[in-house]
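Structural overview
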Amino acid sequence: MKIGVPIEIKNNENRVGMTPSGVFELVKRRHAVFVQKNAGFNSGFLDEDYIKAGATILDAIEEVYAKADMIVKVKEPIEKEYHLIKEDQVVFTYFHFASSEQLTKAMLKSKAICIAYETVEDNDGALPLLIPMSEVAGRMSIQQGAKYLEKPIKGRGILLGGIPGVPPAKVLILGAGIVGYQAAKMAAGLGAHVVIMDINMKQLRYVSDSMPNNVISEFSSEYNIRKHIVDADLIIGGVLIKGAKAPKLITKDMLKEMRNGTVIVDVAVDQGGCFETTKPTTHEDPTYIIDGVVHYCVANMPGAVPYTSTMGLTNVTLPYVIKLANDGWEKACGDNKALAKGLNIIKGKIVYKEIAEAFSLPFTKN
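Throughout what follows, the structure given in this document is the object of discussion.

What counts, and where the lines are drawn
One numbering rule holds for all chains: residues counted from 1, following each sequence as written. Where local features are concerned, this predicted model is filtered to residues with pLDDT of at least 70; where side-chain atom pairs are given and counted, the filter is 80 or more; whole-chain, interface and lining totals use all residues. Water and hydrogen atoms play no part in the side-chain values, which are based on all heavy atoms of the structure. Put simply, DSSP marks the helices as runs of H or I at least four residues long and the strands as runs of E at least two long, and each gets a number from the N terminus on. Burial classification: accessible surface area is computed with a 1.4 Å probe over protein chains only, and a residue below 20% of its type maximum counts as buried, one above 50% as exposed, and the rest as partly exposed. Whether two residues are in contact is decided by their heavy atoms: any pair within 4.5 Å suffices. Surface accessibility follows the Shrake-Rupley procedure with a 1.4 Å probe radius. Residue values consider only the protein chains on display as shielding. In summary, the charge assignment counts Lys and Arg as positive and Asp and Glu as negative, without counting His or the chain termini. Taken as the charge centre is NZ of Lys, CZ of Arg, CG of Asp or CD of Glu, depending on the residue. Between the rings of Phe, Tyr and Trp (Trp by its six-membered ring), a pair exists once the centres lie within 6.5 Å; its type follows the angle of the planes, with under 30 degrees stacked, over 60 edge-to-face, and the other angles tilted. Between any two strands, pairing holds if DSSP finds at least two bridges. Criterion for a disulfide: a pair of cysteine sulfur atoms at a distance within 2.5 Å. In this description, a nonpolar core means a group of buried Ala, Val, Leu, Ile, Met, Phe, Trp, Tyr and Cys residues linked to one another through side-chain atoms lying within 4.5 Å. All axes are obtained by fitting lines to C-alpha atoms, using only the stretch in contact for helices, and the reported angles, taken between N-to-C directions, cover 0 to 180 degrees.

1. With respect to the overall build of the protein
The helix and strand tally for the protein stands at 14 helices and 15 strands. Each of the three principal axes of the protein carries a C-alpha extent, and together these read 65 × 45 × 35 Å. Counting across all 366 residues of the protein, residues that qualify as buried make up 54%. Sequence separation of at least 24 residues holds for 63% of the intrachain contacts in the protein that already meet a minimum separation of 6. Counting only carbon and sulfur atoms, one obtains 52% of the accessible surface of the protein, whose full area is about 15700 Å². Of the side-chain charges in the protein, 42 are positive and 41 negative, and the distance between the mean point of each set is 2 Å.

Written as structure tokens, this is what we have:
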């Protein structure tokens, strides 16, 4: 199979779809890999590294799409790329369709096979291709939140971990999944007072059993959320519903109950966000303020640490890429139930129910 790895052209997206190590494994299996010139540069991988691994370097993104049977990316195609995607071409990447009707309709029109990293699902319900990026985003949410709590950038002017004689900041985390757990781990390590909320009692028991004493678990409800936001300094939104829009757990009217300079970080922005006032931002312009509350809603947070993120992503995607390349998408998805759940759009038809429901579009059972 011919596999293409283009440069990511989303704003400040520094990751790349595959490392030279991944290229080597594919070439070893007699597949051809076409990498766009400088695609890996911002992640710390040079064209020479890809050439040594057996890749062919192409100058233009148009060449990569034209030659490839399968495109392996990090982020969803943006408008500039829509016309490059061919009928029957496999596109394997993070799509997050439920947050963009424009993207959904563009991929339907392309008649490509769209396999989304974020909906590949193991038998136990785990999302193996989302986990490493959720780990990165969860940890980064605390780093970024701590920075934007500083007064020069309109935060409350509070040090997350406090100092002797001065209490630490209070961090409220919505969701006790991968993002929330990693956020709690980082915040606790810095000495903050952490409240983590979820409706999954199994997860809350795990948090209670494994976290230090400065992390408190609590069942999530609107009443309990409203109780905590009045004195929270940093709020992390880390709620995910597979393939669907995130629920709006903090509404616009709740902002008026928060103190000026409170920081909210919406890690669920890729899925529409779990705050009503969420709108996607970029690393260039990451925050905005509504009712005195600082919103950080960068849609590709792991792109700021591209070396770590690219390595972590290739670790989990490569086995699936190899299977798709070896067997073709139909046999690969037929043999592997986890990969089959990654199928979102096939040749102009939506085959993932939650995406169809998000935009009231026809659903075709695969």
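2. Describing the packing of aromatic side chains
Following the criterion strictly, the structure yields six aromatic pairs and no others. Ring centres of F45 and Y307 lie 5.8 Å apart, and the angle between their planes is 35°; this geometry places the pair in the tilted category. Note that F45 is positioned in the loop between strand 2 (32-36) and helix 2 (47-53) and Y307 in helix 11 (residues 306-327), a separation of 262 residues in sequence. The exposure class of Y307 is partly exposed, given its relative accessible area of 47%. Arranged with centres 5.6 Å apart and planes meeting at 45°, the rings of Y148 and Y296 form a pair that is tilted. Residue Y148 is located in helix 6 (residues 131-148), and its partner Y296 is located in strand 13 (residues 293-296); the two are separated by 148 residues in the primary sequence. Relative accessible area serves as the criterion here: at 9%, Y148 is assigned to the buried category. Taking the relative accessible area as the measure of exposure, Y296 reaches 2% and is therefore buried.

3. Considering the sheet that holds strand 15 (residues 349-350)
With mixed pairing, the eight strands of this open sheet are ordered in space as 3-2-1-4-5-6-14-15. Looking at which strands have only one partner, the edges of the open sheet turn out to be strand 3 (56-58) and strand 15. Judged from the three bridges that link them, strand 2 and strand 3 form a sheet pairing that is parallel. Residue pairing for strand 3: V35 is matched across the bridge by I57.

4. Things to note about the environment of D88
With respect to the secondary-structure elements, D88 resides in the loop between helix 4 (79-82) and strand 5 (90-93). Placed 259 residues apart in sequence, D88 and K347 show a C-alpha to C-alpha distance of 6.5 Å. Those residues in contact with D88 that sit more than four places away from it in its chain are K111, A112, I113 and K347.

5. Observations regarding unusual backbone geometry
Even without being a glycine, K111 presents a positive backbone phi close to 60°. Following the sequence through the fold, K111 ends up in the loop between helix 5 (101-110) and strand 6 (113-116). According to the relative accessible area criterion, K111 is partly exposed, its value standing at 39%. Residues other than glycine seldom take positive phi values, yet D291 does so here, at roughly 50°. As for its position among the elements, D291 is in the loop between strand 12 (287-290) and strand 13.

6. Things to note about the state of the cysteines
According to the stated counting rule, one finds zero disulfides in the structure shown. Left without a disulfide partner, C114 is nearest to the cysteine sulfur of C333, which lies 12 Å away. C297 forms no disulfide, and the closest cysteine sulfur to it belongs to C274, at a distance of 9.2 Å.

7. What to know about the nonpolar core
Counting residues in hydrophobic clusters, the biggest one holds 42 residues, and the most contacted among them are F92, I115 and L339. The contact partners of L339, leaving out residues within four places of it in the chain, are F92, I115, V120, Y320, L324, A332 and C333. L160, A187, L204 and M301 belong to the second largest nonpolar core, which has 33 residues in total.

8. Let's talk about the sheet that holds strand 13
Strands sit in the order 9-8-7-10-11-13-12 across an open sheet of seven strands; the sheet is mixed. Unpaired on one side and paired on the other, strand 9 (215-219) and strand 12 mark the two borders of the sheet. Adjacent strand axes in the sheet meet at a mean angle of 20° when their direction is disregarded. With five bridges joining them, strand 8 (residues 193-198) and strand 9 adopt parallel strand pairing. Bridge pairing in strand 9 links I196 to S217. Seen against the sheet, helix 7 (residues 178-189) touches strand 7 (170-174), strand 8, strand 9 and strand 10 (234-237) and runs at an angle of roughly 170° to strand 8.

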